[in-house]
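Coordinate analysis (summary)
Chain residues, written in single-letter form:
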Amino acid sequence: MKKAIFFSLVFFLLSRIVDAQIKSGKIVYGVEVNESETQKLIESTTDKAGKAYLIKYINGFKESFPYVKVTLLFNEQESIYKGEKVMKSDNGLNLKMAYQLASPGTYYTNLGRSLTLHQNEFMGNKYLIHKSENFNWNITQKQKIIKGYVCYKATLDFKKDDKIITSTAWFCPSLPFQFGPKEFNGLPGLILEFNYLNRFRFFPKQIEFYNEKIDIQEPEEGKSISKKEFEKILKKHTRFYRE
């Protein structure tokens, strides 16, 4: 509770300072594989065929991620996150698969309306998936410097396959924008680094700030459905669905 109050106060004070200077910005994230965690995953897989597939799958990400970049645009109330369009694999790299993990579609967040939309295309159909997660972040006082900014560590637990897996975010209170990769938001500062399920690390390649507010367009194309409805569609058409 004391940590939450502390960071809320820091966020409030810094937002008043930054308000007169920075109105919006852009982060270009790169992605890389967490070698130690993915190796643990491989070693824990006992099925030979499953292990061989997993090794091939992870190696594909390792080869493709250096060519992947995803962009977060944000102002004080809104953000939009998406990757580049990829038509075909290039030079033997499965860039399409890499982008599917880094940015499966477009994510839009509007803090004022408590709205998060995920625009995604599946089986030739486009959907606007409404999400309403309130992420239960655990904020710590552990610090590190990222691109010259003092960042604090926060963790988030996910339940996958009856196991609890932790994701780690590094956010910057002196940049009081509550956004990050994909739909992950709500921290009292911009997320500069995010370790998704501690297997894939999103890190900042480029950071830009603007003194004027940039306009962010809410995605409108696609059938409007809930997250649960979209999950049912996925489960119906994919044998190995993962959240």
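In what follows, the accompanying structure is described. What you are looking at is a predicted structure, and each value in this text was computed from that prediction instead of being measured.

With respect to the pattern of salt bridges
The tally for this structure, following the rule as stated, stands at 6 salt bridges. Residues Glu183 and Lys131 are paired through a salt bridge, measuring 3.2 Å at the closest nitrogen-oxygen approach. Of the two residues, Glu183 is situated in the loop between strand S9 (163-172) and strand S10 (190-196) and Lys131 in strand S6 (residues 125-131); the sequence distance between them amounts to 52 residues. Accessibility assignment for this pair places Glu183 and Lys131 in one class, buried. A cluster of three or more residues bridged by salt bridges with shared partners is formed by Glu32, Lys144, Glu193 and Arg201.

A word on unusual backbone geometry
Non-glycine residue Ser114 carries a positive phi angle of around 50 degrees. With respect to the element layout, Ser114 can be found in the loop between strand S4 (106-110) and strand S5 (115-122). The residue Leu197 is not glycine, and still its phi comes out positive at about 55 degrees. Of note, Leu197 is situated in the loop between S10 and strand S11 (200-210).

Things to note about the side chain of Lys131
When its relative accessible area of 13% is taken as the criterion, Lys131 is described as buried. Within polar-contact distance, the side chain of Lys131 engages the side chain of Glu183 at 3.2 Å. With residues up to four places along the chain from it excluded, the contact list for Lys131 reads Tyr107, Thr116, His118 and Glu183.

Each value, and the rule that gives it
Residues numbered from 1 in each chain as written. Predicted model: local features only at pLDDT ≥ 70, side-chain atom pairs only at ≥ 80, totals over all residues. Heavy atoms only, no water. Salt bridge = Lys/Arg side-chain N within 4 Å of Asp/Glu carboxyl O. Helix = DSSP H or I, 4+ residues; strand = E, 2+ residues; numbered from the N terminus. Buried < 20%, exposed > 50% of the residue type's maximum accessible area, 1.4 Å probe, protein only. Polar contact = N/O pair within 3.5 Å; in protein donor to acceptor, adjacent residues only side chain to side chain. Contact = heavy atoms within 4.5 Å.

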